[in-house]
Amino acid sequence: MLGNPLNSGDGGPLIDALPCGLLQLDAEDCVVRWNQCLQRWTGRSLESVQGRRLTEIYPDAPKLGRLLAETRASRQPRVLSQMFHHWLIPVPLPVGHISGFSEMQQECHLRLLAAPSDHLAITILDVTAGVVGQQRGRAMNRDLIAARDRAELSLRDLEEHEFALDQHAIVAVTDTRGTITYVNEKFCALSQYTREELIGRNHRVLNSGQHSKEFFCGMWATISRGEVWHGEVCNLAKDGGRYWVDTTVVPLGRREGKPAKYIAIRTDITARKRSEAVLALQARLLRQTQQSAQIGGWEYDCTTGRLHWTEEMFRLHELTPSNHEPTLENSVAFYAAGSVPIVSSAFQRALSRGEPWDLELSFITALGRNLWVRTTGEAEQVDGKTLRVFGSLQDITVRKNVEQVLTQAKAEAELGNRAKSAFLSTMSHEIRTPMNAVIGFSGLLLDTTLDVDQRSYVEALKESGEDLLRILNDILDYSDMESARIPLKTKALDTAALVAELANGYETKARERQLSLSVSIAPGTPPRLCADGPRLLQVLGNLVSNGIKFTERGGITVQVHGVDQSGRSHLRFTVTDTGIGIPRDRHAEIFQHFNQVDATNSRLYGGAGLGLAISKRLVELMGGQIGFESEFGRGSTFWFTLPLAPRGEAGAKELLPKSGAT
Ligand code: ADP
């Protein structure tokens, strides 16, 4: 059995240079090595003996088989003198190897090699001179001993080489039918089989099914011809796992022109194969992602001046790698005329200053289709020098078209909204004028002498007129707000006067509904504030009138006090009632327009559901915030804050209370 490719085949240069014969036999006594000296002495070429049993080459050699068997059994080196010339070199030396002597005297050393453990090394020394030339005997002997030592050294070298190979490689030997005759430790470790499990089995046991029949047929055809085969093979380990090996199969020991056995030297490349598989997967994913997102990638190498495109780049351009070689010049030409200078200068800035770009430009494909593309690019610089510029190209035509449609739809919607607001505003104005006349003349009528029934009819007429006017005013405000047409007239106001005016306006109404209305200003409240008085009163009035409207018993309390909010002084107004309250599930929508907690509200209490939406808008316009707390069945507290002075306006300080003032 062979152990190692280094110990098989012809001799290495070192061994061939030796002045002694050296042959190596495998476990079956077949010739593995037959050095040049031996070839010269015996007249037999390496090819004629390699792979053949020694006893078969020399069938008449007496006791040869026994001698070999004994050396193997004893494992001790042996030295034999003048023994082999009868069978090994039976003829006189052709040229006077040592002149004057017709026969060569030999000394033969047999030794079992440490590795491959069952190999036998035989060194044959020519001691003819030592026997016949007594006068030169000693010197000659020294030479011979030195030669033998060198031969043994060479063999040790080979053993070390074998050890090194075993450390590095996965080695196996098979016969010509693929039956495993040798495996090293590494082979066992990787395949997870023991040596005993493998020896004698066909190498097919490791077939993973990964490769086609043709793959292995090709390999067998190559090695059967005596040629070396190289490839990457996926094998099956004992536990069912797969491993990859980089494999070189060397045919050995030619017999009748055909290899006698094969040595396979392998390295484990499973990790590399896995990384390759991951990389291939990532590349495929990237390709698919680019394809589905319609994003192409490109890279320009500043050193070589070469431009590289991904597959998707070609697709976006409606080109193929076979019909187009991308260059900087022809790439720019695909942009629409107006876009060419933009993209060219962006590229130049990236090249010279490393500036990135991200542009949306119009583009024309090779087939003449107009597209919108998003082009991005950035430069990789080292020490201020640009090494490469790379980027992406994305088809954004669909998005651009949708954007255009949306912009147009928005413009149309705004136009329609403005028309609707203008119509509402006109109508409200038109209705307000006769409404004012109805209310005014009802008032005048009430100043005349009327009987009780007439008075009550006219009062109802006036009240309904006023309700209608309030709704009209709300609608007018709302349409103004929608078209953002509420100009604020800000001026300094007296807090106390403002609150008094509010109380005056709603006192009668509260009294009519037998509700109390109390108004208070907390001590320390700034006496003045800067705001739009009528709008502020409108908000307060809305909250108070809601309070009155939605309260059956109890009363309404209005309070004012100063607060600090986000580092600015504010006034906080609260309007509390003891009315019906608002259910928790309706809190979120209470400030939305046309919203009423209950549809029956409008029938019971009147109103269009606009008051709070308008109040919120006004408060926010004045730089404040609005909110409420309410408990269903127990009452509500609506509040809003206003800055003492609008942001950026001077005079906020002078509005602050002087010490001691209330
Ligand atoms: P409306 O003109 O209908 O009163 P608002 O916007 O002022 O419109 O109020 C919207 C709805 O909020 C009211 O219909 C009512 O259901 C509820 N609401 C407002 N204020 C109060 C309150 N103080 N108490 C109970 N419910 C209220």
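Nothing here was measured: the structure is a model prediction, and the numbers come from that model.

What's the story with the overall build of the chain in this structure? I'm lost.
Secondary structure summary: the chain contains 21 helices and 22 strands in total. A fraction of 57% describes how many contacts in the chain between residues 6 or more apart in sequence connect residues 24 or more apart. Looking at the chain as shown, the accessible area adds up to about 35700 Å², and 54% of this sits on carbon and sulfur atoms.

Explain the sheet that holds strand 21 (residues 625–631) here, please?
Within a sheet, each strand pairs with its neighbour through backbone hydrogen bonds, oriented either parallel or antiparallel. Pairing is mixed across the open sheet formed by 5 strands, whose spatial order is 17-19-20-22-21. Both outer strands of the open sheet, strand 17 (516–521) and strand 21, are each paired with one neighbouring strand and no more. Going across the sheet, the axis of each strand differs from the next one's by a mean of 15 degrees, ignoring polarity. As paired strands, strand 17 and strand 19 (residues 555–565) are joined by 6 bridges and run parallel to one another. The residue of strand 19 that forms the bridge with serine 516 is glycine 555. Lying on the sheet, helix 17 (residues 495–512) is in contact with strand 17, strand 19 and strand 20 (568–577); it crosses strand 17 at an angle near 175 degrees.

What is the right way to look at the pattern of salt bridges in this model?
Between side chains of opposite charge, a pair can form as their charged atoms come close. Counted by the stated rule, this structure contains 29 salt bridges. The partner of glutamate 227 in a salt bridge is arginine 225, with the nearest N and O atoms 3.3 Å apart. A residue is classified by how much of its surface remains accessible, and glutamate 227, at 37% relative accessible area, is partly exposed. Between arginine 349 and glutamate 355 there is a salt bridge; the shortest N-O distance is 3.1 Å. The class of arginine 349 is partly exposed, set by a relative accessible area of 32%. Here glutamate 355 falls in the partly exposed class, since its relative accessible area comes to 30%. Overlapping salt bridges bring together Glu232, Arg272, Lys273 and Glu276 as one network.

Even after reading the chapter, I still don't get helix 18 (residues 533–549), so can you show me in this structure?
Each full turn of the α-helix corresponds to 3.6 residues, which orients residues three or four apart in the same direction. With 17 residues, helix 18 extends 23 Å between its outermost C-alpha atoms, agreeing within 8% with the 24 Å of an ideal straight helix rising 1.5 Å per residue. Helix 18 sits mainly inside the fold: 14 of its 17 residues count as buried.

Is there a simple way to explain the nonpolar core in this structure?
Of all hydrophobic cores here, the largest spans 39 residues; its most connected members are Leu529, Leu536, Leu540, Phe573, Phe640 and Leu642. In terms of residue count, the dominant contributor to this core is helix 18 (7 residues). Non-local contacts of leucine 642, meaning those with residues more than four positions away in its chain, are made with Leu529, Leu536, Ser569, His570, Leu571, Phe573, Val619, Met622 and Gly624. In this structure, Leu25, Cys37, Leu38 and Leu67 belong to the second largest nonpolar core, which totals 23 residues.

Can you walk me through the packing of helix 18 against helix 20 (residues 611–621) in this structure?
A pair of packed helices is characterised by two quantities: the angle between their axes and the separation of those axes. Where helix 18 meets helix 20, the closest approach of the two axes is 10 Å, and the angle between their N-to-C directions is 145 degrees. Once helix 18 is placed against helix 20, the crossing between them reads as left-handed. Residues Arg535, Gln538, Val539, Asn542, Leu543 and Asn546 of helix 18 form the contact with helix 20, whose participating residues are Gly611, Leu612, Ile614, Ser615, Leu618 and Val619. When the residues that make up the contact of helix 18 with helix 20 are grouped by side-chain class, the tally is 6 nonpolar, 5 polar and 1 charged.

Conventions adopted
Residues numbered from 1 in each chain as written. Predicted model: local features only at pLDDT ≥ 70, side-chain atom pairs only at ≥ 80, totals over all residues. Heavy atoms only, no water. Helix = DSSP H or I, 4+ residues; strand = E, 2+ residues; numbered from the N terminus. Contact = heavy atoms within 4.5 Å. Areas by Shrake-Rupley, 256 points an atom, 1.4 Å probe, with all protein chains shown as cover. Pairing = 2+ DSSP bridges. Axes fitted to C-alpha atoms, helices over the stretch in contact; angles between N-to-C directions. Salt bridge = Lys/Arg side-chain N within 4 Å of Asp/Glu carboxyl O. Buried < 20%, exposed > 50% of the residue type's maximum accessible area, 1.4 Å probe, protein only. Expected span 1.5 Å × (residues − 1). Core = buried A, V, L, I, M, F, W, Y, C linked by side-chain atoms within 4.5 Å. Left-handed = near helix turned anticlockwise from the far one by under 90°. Nonpolar A, V, L, I, M, F, W, Y, C, P; charged D, E, K, R; others polar.

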